[in-house]
Amino acid sequence: MVVRHEFEPKILGFLCNWCCYAGADLAGVSRYQYPPNIRVIRVMCSGRVDPAFIFRAFSKGADGVLIGGCWLGECHYATEGNYHALDVTNRSKKLMEQIGLNPERLRIEWVSASEGIRFAEIVTNFTKQLKELGPLGIGEGIELEQLKLDLEAAESYARKKLTSYYIDPDKCQACMICLKKCPVGAIIGGKNQIHVIDQEKCIGCGICFQSCPPRFGAVKKILAEPVPPPIPEEARTIVREGKER
């Protein structure tokens, strides 16, 4: 007698600490039933999810990736990280299409801390959807060796940052607002010194872009393009009217 085992998809979930993770916890405490196919990584904000995380998950055997965050407009941080997560998801889906993967394998959902039942329903629905799609790669008709190469290339591309930020030296007023708010100290500058972003330290969170006063508009968002080189250190001093260097 031949025993056939039903395909059970592996799901990796990146869940926001404040809302979706709390919702998942409530689902467990309330004993709501949902498939045990998901493994969870807790992040402080859904905006912390990098495209490289997504492709690394797929390359390590995940059949689907779920990003869970606060409802739009309810992010616990001034950065509105869930909007950033939505942008990351949409761009990652486009990259998935380019390498032949079904973009439906990547999903983003909003779950509040009080919506345990919603979390259970999402996992149940996503598991069912992935069962219909089949195992990663096989469901798309991609050879496993080619899939591995494509995912490595996608992860490498994603690590180069699909989104970068650059401070226009002609518009920077050295107000130091972005410098003080950068969570990783990636902005170099000071009083009367044009600010420069250290691209090696930058995590692409977009805080500088959002905090730069609109009247200056000095921080530019760059999508999948090379970032202009920083101006020389000796050229960064801003000469104010009536003041000498």
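Asker: Which residues make up the overall build of the protein chain, and what values go with them?
Answerer: For the protein chain, the helix and strand inventory stands at seven helices and eight strands. Dimensions of the protein chain along its principal axes, counting C-alpha atoms only, are 90 × 45 × 20 Å. Taking all 245 residues of the protein chain together, 46% fall into the buried category. By sequence separation, contacts in the protein chain at least 24 residues apart represent 73% of the contacts at least 6 residues apart. Put simply, the protein chain shows about 13800 Å² of open surface, and 52% of that area lies on carbon and sulfur atoms. The averaged location of the 29 negative side-chain charges in the protein chain is 5 Å from the averaged location of its 32 positive side-chain charges.

Asker: Lay out the sheet that holds strand E4 (residues 106–110) in plain terms, naming residues and giving numbers.
Answerer: Spatial strand order, E2-E1-E3-E4: four strands in an open sheet with parallel pairing. Here the strands that pair on one side only, and so sit at the sheet edges, are strand E2 (38–43) and E4. The mean inter-strand angle of the sheet, taken between neighbouring strand axes irrespective of direction, is 20°. For strand E1 (residues 11–16) and E2, the ladder comprises six bridges, and the chain directions are parallel. Among the inter-strand pairings, Leu15 is bridged to a residue of E2, identified as Arg42. Here helix H2 (residues 51–59) sits on the sheet in contact with E1, strand E3 (64–69) and E4, set at roughly 145° to E3. Packing against the sheet, helix H3 (residues 81–98) makes contact with E3 and E4, and its axis sits at approximately 160° to E4.

Asker: Summarise the pattern of salt bridges; cite the residues concerned and give the values.
Answerer: The final tally for this structure, using the stated rule, is eight salt bridges. Ionic pairing is found between Arg56 and Glu155, a salt bridge with its closest N-O pair at 2.8 Å. Linking Arg56 in helix H2 with Glu155 in helix H5 (residues 144–159), this pair joins segments that are 99 residues apart in sequence. A residue is classified by how much of its surface remains accessible, and Arg56, at 37% relative accessible area, is partly exposed. A relative accessible area of 8% means that Glu155 is categorised as buried. The salt bridge involving Arg107 is made with Glu109; its shortest N-O contact spans 2.8 Å. With respect to class, Arg107 is no different from Glu109; both count as buried.

Asker: Account for unusual backbone geometry, naming residues and giving values.
Answerer: Non-glycine residue Arg31 carries a positive phi angle of around 60°. Its identity as a non-glycine residue notwithstanding, Ala174 has a phi of 55°, on the positive side. With respect to the secondary-structure elements, Ala174 resides in the loop between strand E5 (163–167) and helix H6 (177–181).

Asker: So what's going on with the packing of H2 against H5? Residues and values would help.
Answerer: Helix-helix packing is characterised by the crossing angle of the two axes and by the distance between the axes. In contact at an axis separation of 8 Å, H2 and H5 are set at 165° when each is read in the N-to-C sense. Overall, the two elements H2 and H5 adopt an arrangement that is roughly antiparallel. For H2 against H5, the interelement crossing comes out left-handed. The segment H2 lies against H5, with Pro51, Ala52, Phe55, Arg56, Phe58 and Ser59 engaging Leu151, Ala154, Glu155, Ala158 and Arg159. For the contact of H2 with H5, the per-class residue count stands at seven nonpolar, one polar and three charged.

Asker: I'd like a rundown of a nonpolar patch on the surface, residues and numbers included.
Answerer: Together, Trp18, Met44 and Tyr77 make up an exposed nonpolar region whose accessible area comes to about 290 Å². Here Trp18 is to be found in the loop between E1 and helix H1 (20–29).

Asker: Can you break down the side chain of His195 residue by residue, with the values?
Answerer: Here His195 is to be found in strand E7 (residues 193–197). Only 3.2 Å separates the side chain of His195 from the backbone nitrogen of Met176, close enough to count as a polar contact. The residues touching His195, leaving out its near neighbours within four places in the chain, are Ile167, Cys172, Ala174, Cys175, Met176, Cys178, Leu179, Ile187, Ile188, Gly189 and Gly190.

Asker: Residue-level account of H2, with values.
Answerer: Within H2 the residues assigned to the buried category are Pro51, Ala52, Ile54, Phe55, Ala57 and Phe58. Turning to H2, the residues buried within the fold contact E1, E3, H3, E4 and H5. Looking at the residues trailing H2, positive phi occurs at Gly61, about 110°.

Thresholds, definitions, all that
Note on numbering: residues in each chain are counted from 1, in written sequence order. Thresholds applied to this predicted model are a pLDDT of at least 70 for local features of residues and 80 or more for the giving and counting of side-chain atom pairs; totals over whole chains, interfaces and linings are not thresholded and use all residues. The basis for the side-chain values is all heavy atoms of the structure; hydrogens and waters are excluded. What counts as a helix is a DSSP run of H or I of at least four residues, what counts as a strand is a run of E of at least two, and both are numbered from the N terminus. Categorising residues by exposure relies on relative accessible area from a 1.4 Å probe, with only protein chains included: less than 20% of the type maximum marks a residue as buried, more than 50% marks it as exposed, and the intermediate range marks it as partly exposed. We call two residues in contact when some of their heavy atoms are within 4.5 Å. Per-residue and other accessible areas follow the Shrake-Rupley method at a 1.4 Å probe size, with only the shown protein chains counted as cover for residues. Under the counting rule used here, the positive set is Lys and Arg, the negative set is Asp and Glu, and His together with the chain ends is not counted. We put the charge of a Lys on NZ, of an Arg on CZ, of an Asp on CG and of a Glu on CD. Pairing between strands requires that DSSP locate at least two bridges from one strand to the other. Fitted lines through C-alpha atoms give the axes, limited to the stretch in contact for helices. The angle between two N-to-C directions lies from 0 to 180 degrees. Any Lys or Arg side-chain nitrogen located within 4 Å of an Asp or Glu carboxyl oxygen qualifies as a salt bridge. Between 65 and 115 degrees an angle is taken as roughly perpendicular, under 35 as roughly parallel, over 145 as roughly antiparallel, and anywhere else as oblique. Should the near helix be turned anticlockwise from the far one by less than a right angle, the crossing is termed left-handed; should it be turned clockwise, right-handed. By the convention adopted, Pro, Cys, Tyr, Trp, Phe, Met, Ile, Leu, Val and Ala count as nonpolar, Lys, Arg, Asp and Glu as charged, and the other residues, Gly among them, as polar. What goes into a patch is any residue over 30% in relative accessible area without a salt bridge, connected to like charges within 9 Å or, for nonpolar side chains (Val, Leu, Ile, Met, Phe, Trp, Tyr), within 5 Å. The term polar contact refers here to a pair of N or O atoms within 3.5 Å; inside protein, the definition further demands a hydrogen-donor-capable atom paired with an acceptor-capable atom, and it admits residues adjacent in sequence only when both atoms are side-chain atoms.

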